[in-house]
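Tertiary structure, described
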Protein chains: 2
Amino acid sequence: MTSQSIAIDAMGGDVGPNVTIPASLDALKRYPKLHIILVGNQVIIEALLKSHNAENHPRIAIKSTTQVVLMDESPQSALKNKKDSSMRIAINLVKDGEAHACVSAGNTGALMATARFVLKTLKGIDRPAIASNLPNQKGTTCMLDLGANADCTPEQLLQFAIMGSMLTKAHTKKKKPTIGLLNIGSEEIKGNEVVKQAAHLIKNSHLNFYGNVEGNDIFKGTTDVVVCDGFVGNIALKTTEGLAQMMGRFLSEEFKRNWLTKLMGIIAIPVLKAFKRRLDPRRYNGASFLGLNGIVIKSHGGTDAYGFRYAIATAVEEIDSKIIENIKKQLEVEFSVK
Amino acid sequence: MTSQSIAIDAMGGDVGPNVTIPASLDALKRYPKLHIILVGNQVIIEALLKSHNAENHPRIAIKSTTQVVLMDESPQSALKNKKDSSMRIAINLVKDGEAHACVSAGNTGALMATARFVLKTLKGIDRPAIASNLPNQKGTTCMLDLGANADCTPEQLLQFAIMGSMLTKAHTKKKKPTIGLLNIGSEEIKGNEVVKQAAHLIKNSHLNFYGNVEGNDIFKGTTDVVVCDGFVGNIALKTTEGLAQMMGRFLSEEFKRNWLTKLMGIIAIPVLKAFKRRLDPRRYNGASFLGLNGIVIKSHGGTDAYGFRYAIATAVEEIDSKIIENIKKQLEVEFSVK
């Protein structure tokens with residue numbers, strides 16, 4: 001296998017090949033050692049490559065498949081009935097050692113279920129978690145779990161802390177990322193029972209535990225990693241998406257109020273664009289499914305080629321950092337040495 | 001008792017009387033039927049009233065107290081050792097029927113513990129909840145619990161739904177507010193066990209249950225009320241505070257980048273001010289402690305007189321709508337008729 005080989009679920013996402021193929025070509029330009037296997041309908045893929053004058057790209061291979069997992073298909077149905085889907089075959093390529101990682105913009109539930117079924121979880125990990133980097137005032141915060149596990153045990157939260165620490169190492173090169181445990185700061189009660197026990201476990205691990213953090217610490221950048229269960233993480237993430245959307249709309253409405261404010265808006269365009277770019281969710285696209293015997297990156301289903309390329313970049317960084325080996329090593333340190 | 005009588009914990013908050021007294025005077029101007037009892041150090045209160053030329057205001061009474069609950073004091077200590085505190089006496093006035101409501105910017109934990117101890121919870125309510133109105137794209141969303149109860153039962157979530165419905169009635173005059181249950185939308189798992197059972201309970205109540213909502217629905221305004229446990233609610237709230245702060249900072253940084261962007265910023269000032277005003281947290285100040293035998297409003301500890309006045313306005317609306325009677329009636333409907 002070449003140094004960076006990524007299987008792309010070319011058919012996944014709201015748009016499919018019209019997003020995944022241009023993004024792949026862009027990624028190949030940026031990463032000279034990258035090899036891509038485009039998994040999906042051969043006819044469509046070949047036609048699109050040709051339209052981009054890339055039909056004989058030396059670092060592209062095509063793996064032909066006959067099925068597609070639908071965006072609203074149940075995980076059970078995808079597992080049972082879609083054994084020749086672009087999603088399933090892309091994951092199989094990771095299992096078979098033909099690719100170092102797989103990137104898909106397909107249905108989250110089906111991708112998680114298929115990845116678990118095909119790749120299996122690492123020894124010491126109960127269930128995989130979904131992790132993502134969010135912008136903060138200083139850089140990025142790695143947050144997990146973002147929705148794979150609604151009810152978590154304290155032990156699972158420790159496992160998330162281990163994986164989040166290794167993921168941050170992969171993306172930021174920090175040697176000892178700080179870990180924060182998401183909690184509430186009410187004077188009367190300090191968190192629920194699971195979080196209290198998890199704090200005890202993480203404190204006694206080899207990780208760099210900062211302690212409890214609150215919701216606002218995610219964007220302050222108080223710690224490198226923020227650990228929480230998937231219920232809380234998903235709600236926090238979606239809530240911020242909702243707020244960002246509303247703030248964007250309010251700002252736009254205020255500039256559109258009358259001809260004078262419209263003029264002010266036109267004058268301020270360069271600044272507003274720079275502001276928008278800084279928070280562009282496409283630049284943070286690419287969630288990591290952690291805890292599996294292989295790298296699986298989930299792209300937002302509705303992103304464009306610009307965003308999908310960031311998901312591929314996430315996969316490249318995780319390959320280069322040997323994240324799976326690092327997580328395995330850290331799990332050994334935590335669960336056998338201690 | 002006059003038609004709107006509010007006991008103000010004049011000493012509470014980071015600043016104390018210099019915020020609570022100007023805010024009270026402003027509220028008295030806005031509400032001609034409002035009577036205020038300023039609870040706290042008589043010398044300080046009289047001096048401040050004099051400095052505002054309001055020493056003989058016909059609708060102000062002073063209740064002299066000798067103690068103050070500190071902002072970092074434990075609820076236990078406040079309960080035990082601060083029986084003559086401005087906070088405690090303000091709540092006592094509600095219990096004794098001398099005030100319809102109490103407003104405090106003091107220590108949240110102490111206020112909740114004291115309010116529960118003095119006023120007791122309503123029949124049918126296990127524990128009080130903290131509710132607040134948040135801005136959404138159409139108006140406001142009433143969200144609860146925001147941090148009083150970290151671990152909740154499905155029955156408690158139903159109680160929150162009842163109280164949130166009545167609070168929304170009080171503030172918006174909507175007759176049948178829609179209730180959303182905060183959940184996650186992952187394809188693989190739909191929420192934790194408590195939420196699943198709560199959905200069943202609320203569906204079978206007399207409330208206008210919309211169904212599950214996700215984090216982004218809070219700011220979309222999908223439902224009038226969003227119900228969740230205090231752990232999730234507090235984290236969602238704090239997370240949005242953190243994001244709003246970061247976005248504000250990024251916007252300001254982009255306008256300060258060089259002389260040209262600074263100029264653009266000066267030109268856009270009126271629009272930016274209008275935008276800021278729309279999301280000004282002071283305008284949403286005033287969280288309701290629901291489920292008690294009396295109205296207790298918690299103001300943000302760090303707010304100014306402009307913000308504290310909004311907390312007083314919240315109390316006025318709740319008095320006018322007879323919220324306690326409405327909650328009691330609805331609890332009877334839910335728990336005895338059915």
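Residues numbered from 1 in each chain as written. Chains lettered and ligands numbered in written order. Predicted model: local features only at pLDDT ≥ 70, side-chain atom pairs only at ≥ 80, totals over all residues. Heavy atoms only, no water.

Describing the overall build of chain A
The secondary structure content of chain A amounts to 12 helices and 11 strands. Relative to the globule expectation of 20 Å for 338 residues, the C-alpha radius of gyration of chain A, 21 Å, shows essentially globular dimensions. Overall size of chain A, expressed as C-alpha extent along the three principal axes, is 65 × 65 × 35 Å. Counting across all 338 residues of chain A, residues that qualify as buried make up 59%. In chain A, once contacts between residues fewer than 6 apart in sequence are set aside, the share between residues at least 24 apart is 71%. Split by element, the accessible area of chain A, about 13,900 Å² in all, is 53% carbon and sulfur. (Helix = DSSP H or I, 4+ residues; strand = E, 2+ residues; numbered from the N terminus. Rg over C-alpha atoms; globule rule 2.2 N^0.38 Å. Buried < 20%, exposed > 50% of the residue type's maximum accessible area, 1.4 Å probe, protein only. Contact = heavy atoms within 4.5 Å. Areas by Shrake-Rupley, 256 points an atom, 1.4 Å probe, with all protein chains shown as cover.)

A look at the pattern of salt bridges
Overall, the coordinates contain 24 salt bridges over all chains when judged by the stated rule. Among the salt bridges present, the one from Glu 193 of chain A reaches Lys 196 of chain A, with a minimum N-O distance of 3.4 Å. Taken together, the residues span about one helical turn, with Glu 193 of chain A and Lys 196 of chain A both in helix α7 (residues 193-203) at a distance of 3 residues. The exposure class assigned to Lys 196 of chain A is partly exposed, which follows from its relative accessible area of 40%. Connected through salt bridges with shared partners, the residues Arg 249, Glu 253, Glu 254 and Arg 257 of chain A together with Arg 278 of chain B form a single ionic network. (Salt bridge = Lys/Arg side-chain N within 4 Å of Asp/Glu carboxyl O.)

Points about the sheet that holds strand β8 (residues 208-213) of chain A
Residue and element names in this part refer to chain A. Reading across the sheet, the 11 strands line up as β3-β2-β1-β4-β11-β10-β5-β6-β9-β7-β8 and stay open at both edges, with mixed pairing between neighbours. Sheet topology places β3 (60-64) and β8 at the edges, where each strand pairs with a single neighbour. Here the average twist between neighbouring strands, direction ignored, is 25 degrees. Where strand β4 (residues 101-104) and strand β11 (residues 295-298) come together, 4 bridges link them in parallel fashion. Each residue of the ladder has a partner; that of Cys 102, found in β11, is Val 296. Relative to the sheet, helix α1 (residues 17-30) contacts β1 (4-9), β2 (34-40) and β3, its axis offset from that of β2 by approximately 170 degrees. Helix α11 (residues 305-320) rests against β1, β2, β4, β10 (287-290) and β11 of the sheet, and its axis sits at about 145 degrees to β1. (Pairing = 2+ DSSP bridges. Axes fitted to C-alpha atoms, helices over the stretch in contact; angles between N-to-C directions.)

Focus: the interface of chain B and chain A
Each partner contributes to the interface: chain B provides 66 residues, whereas chain A provides 66 residues. Across the chain B to chain A interface the summed buried area is about 6,000 Å²; carbon plus sulfur atoms make up 70%. Taken together, the links from chain B to chain A amount to 6 salt bridges. Between Glu 253 of chain B and Arg 278 of chain A there is a salt bridge, and its shortest N-O distance comes to 2.6 Å. Linking chain B with chain A are 12 residue pairs in polar contact (both at pLDDT 80 or more). Elements represented by at least two residues in the side of chain B that touches chain A include exactly α5 (108-119), α7 (193-203), α8 (217-220), α9 (230-255), α10 (259-267) and α11 (269-278) of chain B. At 21 residues, the largest contribution of residues to the side of chain B that touches chain A is made by α9 of chain B. Across the side of chain B that touches chain A, the residue classes break down as 31 nonpolar, 21 polar and 14 charged. (Buried area = accessible area lost by both parts, 1.4 Å probe. Polar contact = N/O pair within 3.5 Å; in protein donor to acceptor, adjacent residues only side chain to side chain. Nonpolar A, V, L, I, M, F, W, Y, C, P; charged D, E, K, R; others polar.)

Thoughts on the sheet that holds strand β11 (residues 295-298) of chain B
Residues and elements named next belong to chain B. The 11 strands lie next to each other as β3-β2-β1-β4-β11-β10-β5-β6-β9-β7-β8, forming an open sheet whose pairing is mixed. With partners counted over all chains shown, the strands left at the sheet margins are β3 (60-64) and β8 (208-213), one partner each. Strand-to-strand twist across the sheet, computed as the mean angle between neighbouring axes with direction ignored, equals 25 degrees. With 5 bridges joining them, strand β5 (residues 129-135) and strand β6 (residues 140-144) adopt antiparallel strand pairing. The partner of Leu 134 across the bridge, within β6, is Thr 141. Along the sheet, helix α2 (residues 42-51) contacts β2 (34-40) and β3; its crossing angle with β3, the most-contacted strand, is approximately 155 degrees.

Points about the relation of the copies chain B and chain A
For the pair chain B and chain A, the superposition axis carries a translation of 0.0 Å, the fit reaches an RMSD of 0.0 Å, and the rotation angle comes to 180 degrees. In symmetry terms, the pair is related by a two-fold rotation axis. Looking at the rotation axis and the C-alpha trace of chain B, the residue lying nearest is Ala 236 of chain B, at 2.5 Å. A share of 100% of interface residues in chain B that are also interface residues in chain A marks the association as one of identical surfaces. (Least-squares fit on C-alpha atoms with pLDDT ≥ 70 in both.)

Re a nonpolar patch on the surface
On the surface, Trp 259, Leu 260, Leu 263 and Ile 267 of chain A together with Trp 259, Leu 260, Leu 263 and Ile 267 of chain B cluster together into a nonpolar patch covering about 850 Å² of accessible area. Put simply, the parts of the chain that give the nonpolar patch at least two residues each are α10 (259-278) of chain A together with α10 of chain B. By secondary structure assignment, the location of Leu 263 of chain B is in helix α10. (Patch = residues over 30% accessible without salt bridge, like charges linked within 9 Å, V, L, I, M, F, W, Y side chains within 5 Å.)

Some details on α10 of chain B
Considered for burial, the residues of α10 of chain B that qualify are Thr 261, Met 264 and Gly 265 of chain B. Mapping the buried residues of α10 of chain B onto a view down its axis gives an arc of 100 degrees, with all of them on the same face. Among the exposed residues of α10 of chain B, those oriented more than 90 degrees off its buried face are Trp 259 and Ile 266 of chain B. Contacts from the buried residues of α10 of chain B go to α10 of chain A together with α9 and α11 of chain B. Capping of α10 of chain B at its N-terminal end is provided by Asn 258 of chain B; its side-chain oxygen lies 2.9 Å from the backbone amide nitrogen of Leu 260 of chain B. (Arc of directions from axis to C-beta.)

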